[in-house]
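# Residue-level structure breakdown
In case you want the letters, here they are:
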Amino acid sequence: MIQNLKNIIAVCFLLGTFSVFGNSTFEEGVDSYNNKDFSIAAEKFDSIVSISPENTGALFNLGMSRMKNKEYGQAIWAFEKILKFNPNDAEAKDNIRECYFQLDPNYYWEYRLNGFQSILYSISPNMWAIFSIISAFLIAFMIVLFVKNNMPSVRRIALLTGFIFTITLFFSLITGYFSKQHRTNHQFAIVLHNKAQAIENENKERIHEGEILECENCESDTILFKTMNQVEVKLLTKDVGMI
């Protein structure tokens, strides 16, 4: 009992320490950004993201700092990470398009998900789980109502409503699963800078800063990717940012 209490106190202390550290570092990053010290600002926000990868506020400011510093590949990575957790973030998408425009004015970027998917995946898997639980309870209630009530009109309403909630249940379960997959799968990566060189590149495919690559083998220091032209290339992990 005492040991469990000590563990709880230790966890609370660590969380409190991180909260104070995160807030002060964030404020320092904002101050550096406002003073146009974009490299320092990026370091501050990056230190927060390294500890709290889902901190979209830090990711956004990191992306803006990289963008102002003309580190467009790294800026694209930060904004893409935001879209992992909120695919419907219009500002992040606009910033990605601006980065690509600065790299190549002839290239127009479109997000991998369509508008409907972006809306659905913006809802967290936990919320979809809650919708599923509520739907299951309502289905159970409609079953009881159908069995206990002898009035045909009430039974029809219970049957129809139960059918609707059954569809809602399966829709919530399936969408929640794909929403979680979107957030947790690291299938794609961004080329972080223009100095990235392919280790194995038989077709002499040129690797561009900000280019999005599909991961084929992500288990080592060198990663096998497939470009949008379906050409396989191998890059060092330091040259790419997984999203």
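Residues numbered from 1 in each chain as written. Predicted model: local features only at pLDDT ≥ 70, side-chain atom pairs only at ≥ 80, totals over all residues. Heavy atoms only, no water.

Here the focus is the overall build of the protein. Tallying secondary structure elements over the protein gives eight helices and five strands in all. The order of α-helices and β-strands along the protein, N terminus first, is α-α-α-α-α-α-α-α-β-β-β-β-β. Among the 243 residues that make up the protein, the fraction classed as buried is 36%. Sequence separation of 24 or more characterises 56% of the internal contacts of the protein that already satisfy a separation of 6 or more. (Helix = DSSP H or I, 4+ residues; strand = E, 2+ residues; numbered from the N terminus. Buried < 20%, exposed > 50% of the residue type's maximum accessible area, 1.4 Å probe, protein only. Contact = heavy atoms within 4.5 Å.)

Okay, a nonpolar patch on the surface next. Taken together, the side chains of Phe170, Leu173, Ile174, Tyr177 and Phe178 make up a nonpolar region of the molecular surface, amounting to roughly 530 Å² of accessible area. Relative to the assigned elements, Phe170 resides in helix α8 (residues 152-184). The class of Phe170 is partly exposed, set by a relative accessible area of 49%. (Patch = residues over 30% accessible without salt bridge, like charges linked within 9 Å, V, L, I, M, F, W, Y side chains within 5 Å. Areas by Shrake-Rupley, 256 points an atom, 1.4 Å probe, with all protein chains shown as cover. Salt bridge = Lys/Arg side-chain N within 4 Å of Asp/Glu carboxyl O.)

Within the fold, Asp89 resides in the loop between α4 (72-85) and α5 (90-103). Looking at Asp89, its side chain comes within polar contact range of the main-chain nitrogen of Ala92, at 2.9 Å. (Polar contact = N/O pair within 3.5 Å; in protein donor to acceptor, adjacent residues only side chain to side chain.)

What the rule picks out here adds up to six salt bridges. In this structure, Lys44 engages Glu28 in a salt bridge whose closest nitrogen and oxygen atoms are separated by 3.0 Å. Of the two residues, Lys44 is situated in helix α2 (residues 38-51) and Glu28 in helix α1 (residues 2-34); the sequence distance between them amounts to 16 residues. A residue is classified by how much of its surface remains accessible, and Lys44, at 27% relative accessible area, is partly exposed. Overall, Glu28 belongs to the partly exposed group, its relative accessible area being 38%. A cluster of three or more residues bridged by salt bridges with shared partners is formed by Asp94, Arg97 and Glu110.

Counted at 1.5 Å a residue, the expected span for α8 with its 33 residues is 48 Å, and the 48 Å between its end C-alpha atoms agrees. Among all positions in α8, only Ala158, Thr161, Gly162, Leu169, Ser172, Thr175, Gly176, Ser179, His182 and Arg183 are buried. For α8, the secondary structure elements touched by its buried residues are α4, α6 (115-121) and α7 (125-148). (Expected span 1.5 Å × (residues − 1).)

Everything listed is a geometric property; what it means functionally is a separate question.
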